[in-house]
Amino acid sequence: MDARFTWMLCVLCLAIAVQAFTQEGFKEVLLKQLGLSEVPKLHKRDLVDLVIPDHVKNKYISMLKRHRVKRRALPSLAGILRGIPGNAGGVLYSDTTTRQNLIFDMEGRIPKNSEVTMAELKLFKKPLDRANLPARQSHRPVSNARVSVYWVQRQHDGTNRTSLIDSRLVPIRESGWKNFDVTQAVHYWLRNKRREPMFLEVWIEGERVGSHASEMAKAVRFTSQDPKDKALGKPELVLYTLDLEDYGGPGDCKEEAVMGKSTCCRQKHYINFRELAWTQYWIIEPAGYQAYRCSGGCLQPPSPLRRFGYGERACAVVESSPLPLMYLIKRGNHTEIEAAEFPNMIVERCSCVTDG
């Protein structure tokens, strides 16, 4: 088969697979990928006492890291946000998990006409207090604790929903600054359209299943936002931004594209799973994502070429990337959590494609 024809066929197939995402179109893609005929009938009660198995969480985290969107250049540092002191530094303990609440005042912190390209949460790990270590026993050595950062979304009914943002292993016996990528949490906060601080939750767990690993993890302590905590190195949120007037993303739409006055480009199109009635209990992670879509017009071939079978050129997707999802499935009378990645869910590049 002619190589050029093969390339065109691939582009056309991709354009069909990643059209501008409508709710129905997105639903069709999910159902087809999962081999389902209809959306599972799930309710809020299905989320009560829900526990994400470690192997599912680890699978989801590895997919996130493998397909994390490439970062653009970071020409400017917007600033370092200090936490709000007071009750923000609360630390909760349980048999297996230590949780630390963080609050950051975001209002007015992001410059106008700019985009947050990266956000880092910096936590200072205190020097190890050996008195907090469990008595040495004949266990397999434990060197690390798993530290996960969650974005906390406060619901109107007073409940909270969390979304996993980043997770990594932290050496138990090392002290110093530990950085976490919380760009997705800042994007969620921006989409939430509420004039309130950003709430994060830090979970410290054993690096593997078992009481010994859990006990070892309890020795990990980060400096809190509580003014009573006199340790140096309060939690910091560092924002990196791009001035959109100087650093427009390659191939991304400028404002005039929304008005239909631009050539083919990639336009922002956010899908919020928490607001869609059929996904809010079905999809556990992420809370939503930037899908993008293709917008704008294309120069058309001259009339003589059209007589030889060249059709009109249209703006379409020519490159896409997958989206990892964590979702619920029904098995009889109980629910389970699974993780999988779905291809062609994020538009990476748009171009003009000739029909025919």
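Right, let's walk through the structure included here. Because the structure is predicted, anything quoted here is derived from the model rather than measured.

A few words on the side chain of Asn-272. As for its placement among the helices and strands, Asn-272 is situated in strand β11 (residues 270-272). Overall, Asn-272 belongs to the buried group, its relative accessible area being 18%. Dropping the residues within four chain positions of it, Asn-272 is found in contact with Ala-287 and Gly-288.

Strand order in the open sheet made by the three strands is β12-β15-β16, with antiparallel pairing throughout. The sheet terminates laterally at β12 (283-285) and β16 (334-354), the two strands that pair on one side only. Going from strand to strand, the sheet's axes swing by 40 degrees on average, the running direction of each strand aside. Here β12 runs beside strand β15 (residues 313-331); their pairing, made up of two bridges, is antiparallel. By the bridge assignment, Ile-283 is partnered in β15 with Tyr-327.

Right, let's get into the pattern of salt bridges. In the structure shown here, the tally under the stated rule is six salt bridges. Between Glu-205 and Lys-57 there is a salt bridge, with its nearest N and O atoms 3.2 Å apart. On the criterion of sequence distance, the pair formed by Glu-205 in strand β8 (residues 198-206) and Lys-57 in helix α3 (residues 54-66) is long-range, its members being 148 residues apart.

Per the stated rule, a full pass over the model turns up six aromatic pairs. Each ring, one from Phe-124 and one from Trp-177, has its centre 5.4 Å from the other, and the planes form 75 degrees; the classification is edge-to-face. One end of the pair, Phe-124, is in strand β4 (residues 114-125); the other, Trp-177, is in strand β7 (residues 176-181), with 53 residues separating them in the sequence. For Phe-124, a relative accessible area of 22% corresponds to the partly exposed category. Between Phe-273 and Tyr-289 the ring centres are 5.9 Å apart and the planes differ by 35 degrees, which places this aromatic pair in the tilted class. Pair noted here: Phe-273 is in the loop between β11 and β12 and Tyr-289 is in strand β13 (residues 288-290), with a separation of 16 residues, a long-range link. Of the two residues, Phe-273 and Tyr-289, both sit in the buried class. One residue, Arg-266, lies across the ring of Tyr-292, its end atom 3.6 Å from the ring centre.

This paragraph deals with the state of the cysteines. Counting across every chain of the model gives four disulfides. For Cys-264, the disulfide goes to Cys-315, at an S-S distance of 2.1 Å. When the S-S torsion is 70 degrees, as for the bridge of Cys-264 with Cys-315, the disulfide is right-handed. Of this pair, Cys-264 sits in the loop between α6 (255-258) and β10 (265-267) while Cys-315 is found in strand β15, placing the two residues 51 residues apart along the sequence. When sorted by exposure, Cys-264 lands in the same class as Cys-315, which is buried.

This part takes up the environment of Tyr-281. Position of Tyr-281 relative to the elements: it lies in the loop between β11 and β12. In sequence terms Tyr-281 and Arg-45 are 236 residues apart; their C-alpha atoms lie 9.3 Å from each other.

This paragraph deals with the nonpolar core. One finds Phe-26, Leu-30, Phe-273, Trp-282, Tyr-289 and Leu-325 to be the most contacted residues of the largest nonpolar core, which totals 40 residues. Secondary-structure elements contributing two or more residues to this core are α2 (23-34), α3, β12, β15 and β16. Top contributing element to this core by residue count: β15, with eight residues. Domain assignment of the residues forming this core places at least three in each of domain 1 (20-75 + 248-354) and domain 2 (84-243). If we skip the residues at most four places from it in the chain, Phe-273 touches Phe-26, Thr-279, Gln-280, Ile-283, Pro-286, Ala-287, Gly-288, Tyr-289, Leu-323 and Leu-325. Grouped together as the second largest cluster of nonpolar side chains are 37 residues, Leu-121, Phe-180, Met-198 and Phe-222 included.

Now for unusual backbone geometry. Cis geometry marks the peptide bond from Glu-285 to Pro-286; its omega dihedral reads -5 degrees. Within the secondary structure layout, Pro-286 lies in the loop between β12 and β13. Of note, the phi angle at Asn-344 is positive, near 60 degrees, even though the residue is not glycine. Along the chain, Asn-344 turns up in strand β16. Using a relative accessible area of 26% as the deciding quantity, one classes Asn-344 as partly exposed.

Along an α-helix, residues three or four apart share an orientation, since each turn contains 3.6 residues. Here α3 contains 13 residues, and its C-alpha end-to-end distance of 18 Å stays within 8% of the 18 Å for a straight helix at 1.5 Å per residue. Restricting attention to buried positions, one finds in α3 the residues Val-56, Lys-57, Tyr-60, Ile-61, Met-63 and Leu-64. The buried residues of α3 occupy an angular sector of 160 degrees when projected down its axis, which confines them to one face. Structural note: α3 exposes His-55 and Arg-66 on the side pointing more than 90 degrees away from its buried face. In this structure, the buried side of α3 is in contact with β5 (144-154), β6 (160-171), β8, β12, β15 and β16.

Rules behind the numbers
- Residues numbered from 1 in each chain as written.
- Predicted model: local features only at pLDDT ≥ 70, side-chain atom pairs only at ≥ 80, totals over all residues.
- Heavy atoms only, no water.
- Helix = DSSP H or I, 4+ residues; strand = E, 2+ residues; numbered from the N terminus.
- Buried < 20%, exposed > 50% of the residue type's maximum accessible area, 1.4 Å probe, protein only.
- Contact = heavy atoms within 4.5 Å.
- Pairing = 2+ DSSP bridges.
- Axes fitted to C-alpha atoms, helices over the stretch in contact; angles between N-to-C directions.
- Salt bridge = Lys/Arg side-chain N within 4 Å of Asp/Glu carboxyl O.
- Phe/Tyr/Trp six-rings, centres within 6.5 Å; stacked < 30°, edge-to-face > 60°.
- Lys NZ or Arg CZ within 6 Å of the ring centre and 35° of its normal.
- Disulfide = S-S within 2.5 Å.
- Core = buried A, V, L, I, M, F, W, Y, C linked by side-chain atoms within 4.5 Å.
- Domains from an automatic or database assignment.
- Expected span 1.5 Å × (residues − 1).
- Arc of directions from axis to C-beta.

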